[in-house]
Amino acid sequence: MGFIASRLGELQDRINKQATLWRRDPSSVQLLAVSKSQPPDTLEEALGAGLRFFGENRVQEARAHWERYRPLYPDLRLHLIGPLQINKVKEAVALFDGIETIDRPSLAEALHQESRKQGRTLTCLIQVNTGAEPQKSGAMLETVPSLLGVCRQIGLKISGLMCLPPRNEPAGLHFALLTKLAKQNGLPELSMGMSHDFETAIQAGATTIRIGTALFGEKPEPIR
Ligand SMILES: *Cc1c(COP(=O)(O)O)cnc(C)c1O
């Protein structure tokens, strides 16, 4: 068995255990494989291991990674999990199946217009900057209700919330906050938890966990 396939097996075991422990259906937790900065060989191996749901941080890299696999794997699903600039919206709508990093009304509007133009329906999540970190993207907590209001008004369906907690704080508090915010607003999807804290995220209600290192090993070069 290949490296990724065996990592995937171990991960799936941990996901199943943790979900069961908290009386959740393991199939209610989706594993998003974060393929940023991985070489083509690794992508091939991941596809060979059966992975079909991938996350990328940057539009350009995502296109370079996945464009040629699209026609070969019709069940491939790609989510953008990095910040999106308005001038990349057209390309992003054509390439991705989901955008998890909506954080301002102008971006919501641009996504809505472009999706209509291209006749595509993307899964849309709002990224919340739960730690109020100035250097990080994501909507500030107090602006989420008004951003949701704008989305509702223009007709952009928001499925859920995403967060990336500060590195030096207990993630569980941020996950709980995001869960509460989603519940208050009737949003079913929660994208939270990475390699080092996905078990805490599953406990808190994550429906998507975003896993890079635990699947692919240490990244060749760190991003961010
Ligand atoms: C890189 C990244 C991940 C994956 O992180 P790992 O610790 O490698 O699992 C998840 N979410 C976002 C937004 C990322 O940028």
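Residues numbered from 1 in each chain as written. Predicted model: local features only at pLDDT ≥ 70, side-chain atom pairs only at ≥ 80, totals over all residues. Heavy atoms only, no water.

A. Structural context of the overall build of the protein chain. Along the backbone of the protein chain there are 9 helices and 9 strands. Dimensions of the protein chain along its principal axes, counting C-alpha atoms only, are 50 × 40 × 30 Å. When burial is assessed residue by residue, the protein chain has 50% of its 224 residues classed as buried. Pairs at least 24 apart in sequence give 60% of the contacts found in the protein chain among residues at least 6 apart. (Helix = DSSP H or I, 4+ residues; strand = E, 2+ residues; numbered from the N terminus. Buried < 20%, exposed > 50% of the residue type's maximum accessible area, 1.4 Å probe, protein only. Contact = heavy atoms within 4.5 Å.)

B. Expanded view of the side chain of Gln18. Mapped onto the fold, Gln18 is located in helix H1 (residues 3-21). Given the relative accessible area of 12%, Gln18 is considered buried. Setting aside residues up to four positions removed in sequence, Gln18 forms contacts with Glu199, Thr200, Ile202 and Gln203.

C. Summary view of helix H3 (residues 59-66). Regarding H3, the residues found buried are Val59, Glu61, Ala62, His65 and Trp66. One side of H3 holds all its buried residues, which, seen down the axis, span an arc of 165°. Those residues of H3 that are buried lie in contact with helix H2 (40-48), strand S2 (53-56), strand S3 (77-80) and helix H4 (89-95). (Arc of directions from axis to C-beta.)

D. Structural detail: the site of the ligand. The full set close to the ligand counts 13 residues, and Lys36, Ser195, Arg210, Gly212 and Thr213 are the nearest of them. One of the side-chain N or O atoms of Lys36 is found 2.7 Å from an oxygen atom in the ligand. Here Asn57 contributes a side-chain N or O atom positioned 3.0 Å from an oxygen atom of the ligand. Its free accessible area being 390 Å², the ligand has 94% of it covered by the protein chains. Of the residues in the shell around the ligand, the class split is 6 nonpolar, 4 polar and 3 charged. (Near = heavy atom within 4 Å. Polar contact = N/O pair within 3.5 Å; in protein donor to acceptor, adjacent residues only side chain to side chain. Areas by Shrake-Rupley, 256 points an atom, 1.4 Å probe, with all protein chains shown as cover. Nonpolar A, V, L, I, M, F, W, Y, C, P; charged D, E, K, R; others polar.)

Such coordinate-based values are descriptive only and should not be taken to indicate function.
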